[in-house]
Amino acid sequence: MELAKRVGNNIKEARKLKGLTQKQVADTFHMTQQQYSRFENGVFELNYQQIIDICNLLDISPNEIFGFNY
């Protein structure tokens, strides 16, 4: 669960830097804002395709999502 919270926080920060709201991101992925917020809060974990889609939308790498500093 700790990893899910770290990933969620990293996604949240990237979203804010991009100037997007949770609702805007949720609409892009055809889900409600409440569903999307569960990813940012670490309640739900992203699947592989969602990771790729989030990276593309927010112009970040999977390393950034997971907090790897290579």
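Structure: above.
Now for a quick tour of the structure. These figures come from a predicted structure and were not determined experimentally.

Quick notes on the packing of helix H1 (residues 2-18) against helix H3 (residues 33-40)
Think of two packed helices as two axes; the pair is described by the angle between the axes and how far apart they sit. Two elements in contact, H1 and H3, have axes whose closest approach is 7 Å; the angle formed by their N-to-C orientations is 120 degrees. Residues Ala-4, Gly-8, Asn-9, Ile-11, Lys-12 and Arg-15 of H1 form the contact with H3, whose participating residues are Tyr-36, Phe-39 and Glu-40. Class assignment of the residues belonging to the contact of H1 with H3 gives a composition of 4 nonpolar, 2 polar and 3 charged.

Some thoughts on the packing of aromatic side chains
Within the structure shown, the criterion is met by 2 aromatic pairs. With a centroid separation of 6.3 Å and an interplanar angle of 70 degrees, the aromatic rings of Phe-39 and Phe-44 are classed as edge-to-face. Residue Phe-39 is classed as buried on the basis of its relative accessible area of 10%. Aromatic pair Phe-66 and Phe-68: ring centres 6.1 Å apart, planes at 20 degrees, arrangement stacked. On the accessibility criterion, Phe-68 (38% relative accessible area) is partly exposed.

Concerning the side chain of Gln-22
Tracing the backbone shows Gln-22 in helix H2 (residues 22-28). A relative accessible area of 17% places Gln-22 in the buried class. Side chain to side chain, Gln-22 and Gln-33 meet in a polar contact 2.2 Å long. Here the side chain of Gln-22 touches Glu-40 through a polar contact of 2.8 Å, side chain to side chain. Apart from the residues within four sequence positions on either side, Gln-22 is in contact with Arg-15, Gln-33, Tyr-36, Ser-37 and Glu-40.

How each quantity is defined
- Sequence order sets the numbering: in each chain, residues are counted from 1 along the sequence as written.
- For this predicted model, a pLDDT threshold of at least 70 governs which residues receive local features, and a threshold of 80 or more governs which side-chain atom pairs are given and counted, while totals over whole chains, interfaces and linings are taken from all residues.
- With hydrogens and water set aside, each side-chain value is computed from the structure's full complement of heavy atoms.
- Axes, fitted as lines to C-alpha atoms, cover a helix only where it is in contact. Angles between the N-to-C directions of the axes lie from 0 to 180 degrees.
- For helices the rule is a DSSP run of H or I covering at least 4 residues; for strands it is a run of E covering at least 2, with both sets numbered from the N terminus onward.
- Contact between two residues is taken to exist if any of their heavy atoms lie within 4.5 Å; hydrogens are not considered.
- Each residue gets one of three labels, nonpolar for Ala, Val, Leu, Ile, Met, Phe, Trp, Tyr, Cys and Pro, charged for Asp, Glu, Lys and Arg, and polar for the others, Gly among them.
- Centres within 6.5 Å are what make two rings of Phe, Tyr or Trp a pair, Trp counting through its six-membered ring; a difference in plane orientation under 30 degrees is then read as stacked, over 60 as edge-to-face, and the rest as tilted.
- Residue exposure (1.4 Å probe, protein chains only): buried if accessible area is under 20% of the type maximum, exposed if over 50%, otherwise partly exposed.
- Between N or O atoms, a polar contact is any pair within 3.5 Å; within protein, one atom must be a potential hydrogen donor and the other a potential acceptor, and residues adjacent in sequence are included only when both atoms are from side chains.

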